[in-house]
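Geometric and topological summary
Chain by chain, the residues run as shown.
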Amino acid sequence: MENSLYNSLYEASEKGKKLLAVLIDPDKFELSNTKNFIEKVNQSVATHIFVGGSSVAEHLTDILVSEIKEHTQLPVVLFPGDVTQITNKADALLFLSLISGRNPEYLIGKHVASVSKLRGANLEIIPTGYILVQNGKETAVQRITATVPMPRNNIQSIVDTALAGQLLGMKLIYLEAGSGALHPITPEIIQSVKSELQIPLIVGGGIRNKSQLETAYKAGADLVVIGTAFENDESFFDDLKL
Ligand code: 1GP
């Protein structure tokens, strides 16, 4: 536990050291581009690689994670949309419970179904409260999980949901606007959640430029996740020198 990935997240959060995860969706990623892409990640300010997507063909995550691990020392963290995306080849797993929604499958059902895969696996498992917030359009998470995102203007309810997650023993809270979101999570939401939360805060969805990244950090995000902006334009890595 001493040198666990979670400990490093927790310490970074305590010290105000900001972290950045590059999210790779196996479904949208060209496997033959892995070496080239990961070299760019290695030279960038990114501190973590997240792997996951809403709908990914079986075994693809396993193959991709093996390939990524050949080219980087950065921790590779699973951010799975489904049980089939769990592979022992990664370093850690965000064990996500979609606490903004009321679909029992994504609150506990998928978790029970994943235990046969997790039993005996060498993955660090990090219980994470996952909160989907309205962002201006329907995203894949909303469609696939058949849940309603939380209204952006009901900040109190978002804060209460995050704190309920913490009280349930979750180790991280992830505020999600959804991949390709029109509007990222607002600084007001981030600030309000952060001011009451005692565990590290992850923020992602729709962050496309350095100014949005800095806004999220300033508001209190400990780790920001960016996927689409890197997928669309790899030169984005160069814009992010902090
Ligand atoms: C999605 O939060 C992540 O789950 C990242 O979103 O693809 O919009 O960067 P983007």
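Let us look at the structure shown here. None of the values given here were measured: they were computed from a predicted structure.

1. Digging into the pairing of strand E6 (residues 172-176)
For E6, a buried count of five out of five residues is recorded, marking the element as mostly surrounded by other parts of the structure. Covered by surrounding structure in E6 are Leu172, Tyr174 and Glu176 together with Ile173 and Leu175, the residues of both alternating faces. Note that strand E5 (residues 124-132) and E6 share five bridges and pair parallel. Note that in E6 the partner of glycine 129 across the bridge is isoleucine 173. Taken together, the four bridges between E6 and strand E7 (residues 201-204) define a ladder with parallel strand orientation. When the bridges of E7 are listed, glutamate 176 appears paired with glycine 204. Taken together, E6, helix H7 (residues 187-196) and E7 constitute a β-α-β crossover, and its handedness is right-handed.

2. A look at the site of the ligand
Every one of the 14 residues lining the ligand counts as a neighbour, but Glu176, Gly180, Gly206, Gly227 and Thr228 are closest to it. A distance of 2.4 Å is found between an oxygen atom of the ligand and a side-chain nitrogen or oxygen belonging to glutamate 176. Side-chain polar atom of threonine 228 to an oxygen atom of the ligand: 2.5 Å apart, as the coordinates give it. Relative to its unbound accessible area of 300 Å², the ligand is 97% covered by the protein chains. At the level of secondary structure, the elements contributing two or more residues to the shell around the ligand comprise E6 and strand E8 (223-226). Of the residues contributing to the shell around the ligand, the split by class is five nonpolar, eight polar and one charged.

3. Some points on the packing of aromatic side chains
Scanning the entire structure with this criterion turns up nine aromatic pairs. With centroids separated by 5.0 Å and ring planes inclined at 10°, the aromatic side chains of phenylalanine 79 and tyrosine 174 adopt a geometry described as stacked. Of this pair, phenylalanine 79 sits in the loop between strand E3 (76-78) and strand E4 (92-98) while tyrosine 174 sits in strand E6, placing them 95 residues apart in sequence. Across the pair, tyrosine 174 and phenylalanine 79 agree in class, each one buried. Between the aromatic rings of tyrosine 130 and tyrosine 174, the centroid separation amounts to 5.1 Å while the plane-to-plane angle is 90°, which identifies the pairing as edge-to-face.

What counts and how
Residues numbered from 1 in each chain as written. Predicted model: local features only at pLDDT ≥ 70, side-chain atom pairs only at ≥ 80, totals over all residues. Heavy atoms only, no water. Buried < 20%, exposed > 50% of the residue type's maximum accessible area, 1.4 Å probe, protein only. Helix = DSSP H or I, 4+ residues; strand = E, 2+ residues; numbered from the N terminus. Pairing = 2+ DSSP bridges. Right-handed = clockwise from strand over helix to strand, strands pointing away. Near = heavy atom within 4 Å. Polar contact = N/O pair within 3.5 Å; in protein donor to acceptor, adjacent residues only side chain to side chain. Areas by Shrake-Rupley, 256 points an atom, 1.4 Å probe, with all protein chains shown as cover. Nonpolar A, V, L, I, M, F, W, Y, C, P; charged D, E, K, R; others polar. Phe/Tyr/Trp six-rings, centres within 6.5 Å; stacked < 30°, edge-to-face > 60°.

Remember, this is a structural readout, not a statement about activity or role.
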